[in-house]
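Spelled out, the chains give:
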Amino acid sequence: MAFELPKLPYAFNALEPNIDARTMEIHHGKHHQAYVTNLNNAIAGTETEKMSIEDICRNISKFPVPVRNNGGGHYNHSLFWNILTPNASAAPVGALADAISTNFGSFDDFKTKFAAAATTRFGSGWAWLVKNEAGKLEISSTPNQDNPLMDIAEVKGTPILGLDVWEHAYYLHYQNRRPDYISAFWNVINWDEVAKRFSK
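Below or above, wherever it landed, is the structure these notes cover. (Residues numbered from 1 in each chain as written. Predicted model: local features only at pLDDT ≥ 70, side-chain atom pairs only at ≥ 80, totals over all residues. Heavy atoms only, no water.)

Another aspect to go through is the overall build of the protein. In terms of regular secondary structure, the protein is built from eight helices and three strands. Order of helices (α) and strands (β) in the protein, N terminus to C terminus: α-α-α-α-α-β-β-β-α-α-α. Against the compact-globule benchmark of 16 Å for 200 residues, the protein has a radius of gyration of 16 Å, which places it among compact chains. Considered along the principal axes of its C-alpha atoms, the protein spans approximately 50 × 40 × 30 Å. Burial statistics for the protein: of 200 residues in total, 46% are counted as buried. Taking all contacts inside the protein whose residues are at least 6 apart in sequence as the whole, residues at least 24 apart take part in 68%. Carbon and sulfur atoms provide 50% of the accessible area of the protein, an area that totals close to 9,600 Å². In the protein, the 18 positive side-chain charges and the 21 negative ones have mean positions that sit 1 Å from each other. (Helix = DSSP H or I, 4+ residues; strand = E, 2+ residues; numbered from the N terminus. Rg over C-alpha atoms; globule rule 2.2 N^0.38 Å. Buried < 20%, exposed > 50% of the residue type's maximum accessible area, 1.4 Å probe, protein only. Contact = heavy atoms within 4.5 Å. Areas by Shrake-Rupley, 256 points an atom, 1.4 Å probe, with all protein chains shown as cover. Lys, Arg positive; Asp, Glu negative; His and termini not counted. Charge placed at Lys NZ, Arg CZ, Asp CG, Glu CD.)

So, in structure tokens, the structure goes:
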């Protein structure tokens, strides 16, 4: 069963002015589509075609680089589109909010630490909020299209929030101002979706 590009749950322009329509159109329709196409080509005719993208990531050390790069790209972007929304609330509530306060001191402290992980990721990569195997929250970042689900990750766990800091995610609108893009990210987070992932 070939992997497919998931549909966006909102229009390309729905996240403006925080993320512009042209960036969304290229990011989703060109970049993510390329990861899907290249992943399908890399696993064509192998047993890997029967695996879920999550299981591929969990066993990524067993696969060649094209599967790692494109499988990671597909998983990461599929998560990314779903944790964005035009109807964002300012902050999480309930169990997720409590866990963030417990693990990071306060929501503002969490935002500072997460933004630091995103800002200081050299070159291309991602910043993550991860639920580890012990059920605790951790912040991490990964290079390229790696993610915390992968067995090669320094910080392992289930990603519940991720921020793409590849230049293709923001350069048309923000140019080299990555911190401005990170700041805008807080305005479009779907905390309900993040909370669902946390509760799983």
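What follows continues from the structure just given.
Here helix α1 (residues 21-43) spans 32 Å end to end across 23 residues, near enough to the 33 Å set by a 1.5 Å rise per residue. The sharpest bend along α1 measures roughly 30 degrees and falls at His 27. Here α1 has its buried residues at Ala 21, Thr 23, Met 24, His 27, His 28, His 32, Tyr 35, Val 36, Leu 39, Asn 40 and Ile 43. Those residues of α1 that are buried are in contact with α2 (53-58), α3 (65-82), β3 (158-164) and α6 (171-174). (Expected span 1.5 Å × (residues − 1). Bend = angle between axes of the 7 residues up to and from the residue.)

Let us look at the side chain of Asp 146. Structurally, the position occupied by Asp 146 is in the loop between β2 (137-143) and β3. Among the residues examined, Asp 146 registers a relative accessible area of 7% and is labelled buried. Separated by 2.7 Å, the side chains of Asp 146 and Arg 68 make a polar contact. Once residues lying within four places of it in the same chain are set aside, the contact partners of Asp 146 are Arg 68, Asn 76, Trp 126, Trp 128 and Ile 152. (Polar contact = N/O pair within 3.5 Å; in protein donor to acceptor, adjacent residues only side chain to side chain.)

As a further point, take the nonpolar core. Formed by 56 residues in total, the largest nonpolar core has its most connected members in Phe 110, Leu 161 and Trp 191. Setting aside its immediate chain neighbours within four residues, Leu 161 contacts Leu 79, Ile 83, Phe 110, Phe 114, Ala 127, Trp 128, Leu 129, Phe 185, Ile 189, Trp 191 and Val 194. (Core = buried A, V, L, I, M, F, W, Y, C linked by side-chain atoms within 4.5 Å.)

What follows covers the sheet that holds β2. Pairing is antiparallel in the open sheet, where three strands are placed in the order β2-β1-β3. The strands lining the two open edges of the sheet, one partner per strand, are β2 and β3. With strand direction ignored, the average angle separating the axes of adjacent strands in the sheet is 25 degrees. (Pairing = 2+ DSSP bridges. Axes fitted to C-alpha atoms, helices over the stretch in contact; angles between N-to-C directions.)

The next subject is the pairing of β2. Within a regular strand, the side chains alternate between the two sheet faces. With seven bridges connecting them, strand β1 (residues 125-131) and β2 associate as antiparallel partners. Note on β2: the bridge partner recorded for Trp 128 is Ser 140. Linking β1 to β2, which pair antiparallel, is a turn of five residues; within it Gly 135 sits at a positive phi near 90 degrees.

Moving on: the packing of α1 against α3. Packing of α1 against α3 brings their axes to within 8 Å, and their N-to-C directions diverge by 140 degrees. When the axis of α1 is compared with that of α3, the two are oblique. In this structure, α1 crosses over α3, and the sense of that crossing is left-handed. Facing α1, whose interface residues are Met 24, His 27, His 28, His 32, Ala 34, Tyr 35, Val 36, Asn 38, Leu 39, Ala 42 and Ile 43, α3 presents Pro 66, Val 67, Asn 69, Asn 70, Gly 71, Gly 73, His 74, His 77, Ser 78, Phe 80 and Trp 81. Residues that form the contact of α1 with α3 fall into these classes: eleven nonpolar, eleven polar and no charged. (Parallel < 35°, antiparallel > 145°, perpendicular 65-115°, else oblique. Left-handed = near helix turned anticlockwise from the far one by under 90°. Nonpolar A, V, L, I, M, F, W, Y, C, P; charged D, E, K, R; others polar.)

This part covers the pattern of salt bridges. Under the criterion given, the structure shown has six salt bridges. Where Arg 22 meets Glu 25, a salt bridge forms, and the shortest distance between an N and an O atom there is 3.8 Å. With Arg 22 and Glu 25 both in helix α1 and three residues apart, this pair spans about one turn of that helix. Overall, the relative accessible area of 37% leaves Glu 25 in the partly exposed class. (Salt bridge = Lys/Arg side-chain N within 4 Å of Asp/Glu carboxyl O.)

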